[in-house]
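Descriptive structure summary
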Amino acid sequence: MVPTTEQVHALQLRGITKSYGSVTACDAVDLAVEYGEIHGLLGENGAGKSTLMKVLLGLVHRDSGTITVRGEDVHLADPQEAASLGIGMVHQHFSLIGELSVWENVALGDKGRIDKAAVRAEIKDVSARYGLPIDPDARVDRLSAGERQRVEVIKCLRRDPKILILDEPTSVLTQAESEELFAVLRRAVRDEGRAVILISHKLAEISAATDKVTVLRRGQVAFHARTADTTAQELAKQMVGRDVSLRADAAALGLLPVENTSDADDAAPDERPAAVLEVRALTVEVGGVRRLDGLDLRVGAGEIVALYGVEGNGQATLGDVFSGLIAPTSGTVQIGGQRVEPTKPGALSDAGLGIVPEDRHQSGVVLDMSVAENLAMKSLGTVSGRMFVSRRTMYANARRLAAEFNIVASSMDTPVRRLSGGNQQRVVLARELSGKPKILIAAQPTHGLDVGAIEDMYTRLRKVAAEGVGVLLISTELEEVMALASWISVISDGRVTGSMPVAEATPERLGMLVGGEAV
Amino acid sequence: MTTSTMTEQADTAAPDDDVAERLDGDWGRRALARLRVSRSGWLTVGLTVVLVVIAGGLSAALILSTGGSPSGSLHAVWTGSMANAAGWSTTLLNTAPLLLVAAGTCIAATAGTFNIGQEGQVLIGAMAGAFVGLRLSVQGPLLAVLVLVAAALGGALWAGLSALMYRYRNVNIPVSTLLMTFLAVELVDWMVSSPSILQETAQGSSGLASSVSNPLPAAGRLATTGQYPSLQLNAGLYIAVILTALTAIMLTRSRWGFRLRMMGLSPLAAKHAGVRVALLSGVALAISGAFAGLAGGVLLASPIGSNRLQSGISDNVGWDGLLVALVARNRPGVAVPVALLFGVLRAGGDFLSSTGVPYFLVDVVKSLLVLAFVAPPILIDAVLRRRASRGVVAHLPAAPATPEVAA
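In this text, all values refer to a predicted model and were calculated from it rather than measured experimentally. Per chain, residue numbering runs from 1 following the sequence as it is written. Each chain takes a letter, starting from A, and each ligand takes a number, starting from 1, following the order in which they are written. Where totals are concerned, whole chains, interfaces and linings use all residues; where local detail is concerned, this predicted model gives features only for residues with pLDDT of at least 70, and gives and counts side-chain atom pairs only at 80 or more.

Let us now look at the overall build of chain A. Check the secondary structure of chain A and you find 18 helices and 20 strands. Scaling as 2.2 N^0.38, a compact globule of 519 residues should have a C-alpha radius of gyration of about 24 Å, and chain A matches this with 24 Å. Counting only C-alpha atoms, chain A reaches 75 × 50 × 50 Å along its principal axes. Counting every position in chain A, which comprises 519 residues, the buried fraction comes to 50%. Taking as baseline every contact in chain A between residues at least 6 positions apart, the subset at least 24 positions apart corresponds to 68%. Note on conventions: DSSP H or I runs of at least 4 residues are helices, E runs of at least 2 residues are strands, and numbering of each starts at the N terminus. Our radius of gyration is a C-alpha quantity, and the globule rule it is checked against amounts to 2.2 Å times the number of residues to the power 0.38. Counts of 20 or more other C-beta atoms within 10 Å of a residue's own C-beta define buried residues, counts of 12 or fewer define exposed ones, and intermediate counts define partly exposed ones; C-beta atoms are placed from the backbone. For every residue pair, C-beta atoms are placed from the backbone, and the pair is scored as a contact if these atoms sit within 7 Å.

Next comes the structure, spelled out in C-alpha cells:
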C-alpha cells in the first residue's frame, strides 16, 4: 500500500478494535507515530492503553483494523514478528531475573551461542552512548529500582528497536531518575531518529516529555494534539471526560501544584494527638538481606500520616509485618499503647489494626469467594454461632456494609473476582473498618484504580481519620501524599530518613530524603 | 461529596453490574440463577456424553480384540452389579469404602492440601484395625467400634506424618503422601509375614502359614441387615453416607469449613484474616487420612473380603476413591453418585472377570470412563480462556482509507 501522506509514518494504526466478551477494550483506535518524536499515550486505568500495546506487540490479536509499519501492512501474529519489525517494549513490571547478572539478563532470549565478551562490550557501548551507567557484572537483585529500569532500557535498546514503547516507566523511579530517563529518550529520538511511545497516566510527565499526545478514554481516542498546543488542564479533562476542578481529582491525576495546603495547618507539629500506632527500631532481615533497618513511625489518633518513598524501599516488607506475614528481627510494634506480637495469628486485628494491603488480589480478598463471604472473613464470630455460619446474618451484614460503602455488585453472592477494582478495594476497606480499628494501614490504596474510584477512596480515608482513627498511608505518589496527609515520613532503603508536618514539606526536601540524604 | 455523585462514580467503575439487583434476599431468583446452565455448562455436558460414547466404543473394540463379546460383557457387568438384589448388595458393599476415601479427599483438597496417599492410609487403617481386633479381648459390638476407631486413628497418624514432614522439613505433600503408600505396603507385608506380630496361626501338621492375618473375630465385624437373596446393607454404608453428609455440611456451612475454603483459595488472605494456616492444613490432611483409614477398617470388618489383613486388602480402593473425588470435583454431595458408579464398575467388573474377561480390561474401561468424565470441564475451561485472551486474527484486506486523526 502506498502511503498517501508525503511522510511515511513510522507506525500507523487504523480502526483497531479488540473486544473481550462484551467489553470493548479498544474501539476503532487510530494512532500515527513518526520517527524522531516522543508520542505520549495518556489514559486512565482501563482506558485501553495496555490492550493497544499488546496488539502492537503481537501478544493479542486485533478483531479488526490495520497496522502499517513504515508504510507496509503488517500482520503481527506473534511477538517474534513484532521484534523483527523493530518494535521493542520496556514493560511496567520488570522482567528481570534477580539471581543473574546484568549481562546475563541482557543476553536472555538471544539465539545461538552466547558470547560473554561481546554482550558485555555491547552493554558498555549502549550505556556510554545514552548515559546509562551500569556494571555488566553486577547481580540484578543487588541493584536499586532505578538501576533495574536502566537494565530494562539497555536490554531493549541493544536490539536496536526502530519503535520503542515504554509502559508507565517512572512508577519505580525518583524524580531525578525519571528526568534522567526522559533525557535518554530525547537522545534516542533526536540523534537516532527512533520513534518512542510513552504510556502514562501522569499528566505532568506527558506534558514535560512528549512531542505529541493521544488521549484514550474507554477504548476510544478522545483527543489528539501537539503537546505544545495543549494544556495539562485540557488533557485532564479529556482523560476523565469532564471538567476537573476538585482538589482530590487533581491530586489523583498528578496535576496538583505541589505546595503547602491550608488544611495541613491545623496540625501543629508540637501538639500531635496520642499515638495509636508506634513502631520503634523495626528491623527485618529476609535471607540475609536487610529489608527494614531500624524503622521508626508514629501515627496519632485522627491523623493521616503518609509514609512516602519510591517503590522497593521496604514498604512491601512493612506491609507484610502489619499483615502478620513476616516476623520482625528486632524492634517493637505498639497499638494503642499495647505491645503486639505481629506474627501471632489474629493478634494485630484484635489489637485494633485494620489493613488495606498493597496486593489486594493476593491477600486483601479471596477472589473466588462471594462479596458476603469476603466481608465476613475477618469477623466470622459476629455472623455465626458456635459452629455454623448464619447465612442470614452474614447477608444482612454484607448488605449493610455494601450500602454504607457503596459497593456495587449484582448480588452479595457474586464472586469478588467479577467486581471492578474500585469495588474490590471498597470491599477490603468496608471489612477492615467494620472491625472498628484504632489504626488503619492503607498500602498503595489507589494503585490500579480509575479516577472516580481514587477520589472516592480519598474521601473515605479523610472520613475515617475525621472519626478518630489513625491512618497510615503508604504511598509512592507525591500528589496523593500532599493531598491527604498531615504528617509525612519518608522511607528510603528501609529507614525513615525524615519526618515532618506537611506544612514544612517541599518537593525538593522530600526528593532529597527519598534519595536517602538526611536533611 | 454528595451521595448522588458517588453512586455515579461507582456505576462508571462497574458498568456491568446492575444496581437494581443489589437486593439479593430474593431466594427464588437466586435458586433459579443457580439452576440456569451456562453455555459452557451445556458444552461440558455435551462433550462428556460424546467422550463417554467414545470410551464405550474403545472398550468394546478392546474386548472384541481379546476375543470377548462386548454385549456379553455389558450384560455381565449388569448382572454382577444392578440386575438383582444380590448385585446391588455387592455394589453397595464396594461403594462404602470408596465414598469414605472420596469424602476425606474432598476435605484435604478444599483446604488446598493434595493428599494422594489414600491407598497407603487405607492399608495402615486396616492394619491398625486388625491389630486392635485380634489383640484386644473385648466382647460384643464394642470391639467393632474399637476396630474402626483404631483404623481412623491409624490413617490420621499416617497422613499426619506427611503434615509434620511438610511443617518441619518442607517436604512436598503430594510426594510424601505418595511415597508413604509404598512404605505402608511393605510395613503391612512384613507384619503379616511375622508370626510374632500378625501372621495367621500355622495350620495343621505342616506348620505352613500364608502372609495373612487371622480372621477378625465375629464381634469385631460390622453388622449387616437383610438376608441373601434380598438386599443386604452393611453398617459400613451407613457410616460412609452419614460421614459424607456431615462433611458436606461442615464444608459449606460451618465456621471451620469457611476457614478451610478460604485457605484453599488463598492461603495468604487466610493468614491475613487470622487463620492458623499451618495448623489447619495439617489437621485437614490428618482428617482426610482418618477417612481413608476408616475405609480400611470397613474393608477389614465388612463381608467384602475375608476379614483378614493382607497387603492386597486395599485393592486400589484408595486410588479409586481419589478418582471419585476428582470426578466429583471435590464436592462431597456429587461424590455419592460417582462413588456408586465406581461401585457398579467394581462389582460388575468382578463378575465380568469371573466370566473369563481379563481383569485388566475392566481397569482399562474404568480409566477410560474416568477420563471421559474428568476431561470435559478442564478442556472447555482451557479453550474458553484461550479464546478470551487471543482473539481471532483479523485477515482483513487493507481497509479503505478512514478519516485520519489530525497528525
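In terms of regular secondary structure, chain B is built from 15 helices and two strands. Looking at chain B residue by residue over its 407 residues, the buried ones come to 44%. Of the contacts made within chain B by residues no fewer than 6 positions apart, 74% connect residues no fewer than 24 positions apart.

Residues and elements named next belong to chain A. Inspection of the secondary structure puts Gly-294 in strand β12 (residues 289-300). We classify Gly-294 as partly exposed; it has 14 C-beta atoms within 10 Å. Sequence separation between Gly-294 and Val-284 is 10 residues; the distance between their C-alpha atoms is 8.4 Å. For Gly-294, the residues in contact, after removing those within four places along its chain, are Ala-281, Thr-283 and Arg-495.

A word on the sheet that holds strand β5 (residues 72-74) of chain A. Residue and element names in this part refer to chain A. Two strands form a pair only when DSSP identifies at least two bridges running between them. Pairing in this open sheet of four strands is antiparallel, and the strands run β2-β1-β4-β5 from one edge to the other. The sheet is open, and its two borders are formed by β2 (23-33) and β5, each paired with just one other strand. Ignoring strand direction, the axes of neighbouring strands in this sheet form an average angle of 30 degrees. Each axis is a line fitted through C-alpha atoms, taken for helices only over the stretch in contact, and angles between the N-to-C directions span 0 to 180 degrees.

Residue and element names in this part refer to chain A. Bridge analysis of strand β11 (residues 275-286) against β12 gives eight bridges, and the strand direction is antiparallel. Looking across to β12, one finds that Glu-278 is bridged to Arg-298. Joining the antiparallel neighbours β11 and β12 is a turn of two residues, in which Gly-287 adopts a positive phi near 55 degrees. Strand direction decides the pairing type here: β11 and strand β14 (residues 330-335), joined by five bridges, are antiparallel. Following the sheet pairing, Thr-283 is matched in β14 by Ser-330.

On to the packing of helix α4 (residues 116-130) of chain A against helix α5 (residues 145-158) of chain A, then. Residue and element names in this part refer to chain A. Packing of α4 against α5 leaves a shortest axis separation of 10 Å and a crossing angle of 105 degrees. Judged by the inter-axis angle, α4 sits roughly perpendicular to α5. Residue-level inspection shows Glu-122, Ile-123, Val-126, Ser-127 and Tyr-130 of α4 in contact with α5, the latter providing Ile-154, Leu-157 and Arg-158. In this classification, the charged set is Asp, Glu, Lys and Arg, the nonpolar set is Ala, Val, Leu, Ile, Met, Phe, Trp, Tyr, Cys and Pro, and all remaining amino acids, among them Gly, are polar. Partitioned by chemical class, the residues of the contact of α4 with α5 number five nonpolar, one polar and two charged. Here is the rule for angles: anything less than 35 degrees is roughly parallel, anything more than 145 is roughly antiparallel, 65 through 115 is roughly perpendicular, and the remaining ranges are oblique.

We now examine the domain arrangement of chain A. Domain annotation for chain A reports domain 1 (11-250), domain 2 (251-352 + 437-519) and domain 3 (367-433). One C-alpha centre belongs to domain 1 of chain A, the other to domain 2 of chain A, and the line joining them spans 31 Å. Where a domain begins and ends is set by an automatic assignment or by a domain database.

Residue and element names in this part refer to chain A. Summarising burial for strand β9 (residues 212-217): five of the six residues are buried, a large majority. For β9 and strand β10 (residues 220-226), the ladder comprises six bridges, and the chain directions are antiparallel. Across the sheet, the residue bridging to Lys-212 is Arg-226, located in β10. The loop that links β9 with its antiparallel partner β10 comprises two residues; one of these, Arg-218, has a positive phi angle of about 50 degrees.

What follows deals with the packing of helix α6 (residues 118-135) of chain B against helix α12 (residues 277-301) of chain B. All names here are of chain B. Two numbers describe how α6 lies on α12: the axes approach to 7 Å, and their chain directions differ by 55 degrees. Considered as vectors, α6 and α12 are oriented oblique to each other. The crossing of α6 and α12 is right-handed. For the pair formed by α6 and α12, the contact residues are Gln-118, Gln-121, Val-122, Leu-123, Ile-124, Gly-125, Ala-126, Ala-128, Gly-129 and Ala-130 on the first element and Gly-289, Ala-292, Gly-293, Leu-294, Ala-295, Gly-296, Gly-297, Leu-299, Leu-300 and Ala-301 on the second. Grouping the constituent residues of the contact of α6 with α12 by class yields 12 nonpolar, eight polar and no charged. By definition, any crossing whose near helix is turned counterclockwise from its far helix by less than a right angle is left-handed, and any crossing with a clockwise turn is right-handed.

Residues and elements named next belong to chain A. Its location among the elements puts Gly-435 in the loop between α15 (421-434) and β17 (439-443). The sequence separation of Gly-435 and Cys-156 amounts to 279 residues, and the corresponding C-alpha distance is 48 Å. Dropping the residues within four chain positions of it, Gly-435 is found in contact with Ser-349, Gly-354, Lys-378 and Ser-379.

Right, let's talk about α12 of chain B for a bit. What a helix is expected to span follows from its residue count: subtract one and scale by 1.5 Å. Look at α12 of chain B: 36 Å from first C-alpha to last across 25 residues, which is about the 36 Å you get at 1.5 Å a residue. Burial runs high along α12 of chain B: 21 of the 25 residues are buried.

Moving on: the nonpolar core. As used throughout, a nonpolar core is a set of buried Ala, Val, Leu, Ile, Met, Phe, Trp, Tyr and Cys residues joined through C-beta atoms within 7 Å of each other. The biggest cluster of nonpolar side chains holds 258 residues, and the ones touching the most others in it are Ile-441 and Leu-473 of chain A together with Ala-102, Val-324 and Ala-335 of chain B. Setting aside residues up to four positions removed in sequence, Leu-473 of chain A forms contacts with Ile-304, Val-305, Ala-306, Ala-442, Leu-461, Val-481, Leu-484 and Ala-485 of chain A.

Before going further, it helps to spend a moment on α6 of chain B. In this model, α6 of chain B (18 residues) spans 25 Å end to end at C-alpha, consistent with the 26 Å of a helix rising 1.5 Å per residue. Here α6 of chain B lies mainly inside the structure; 15 of its 18 residues are buried.

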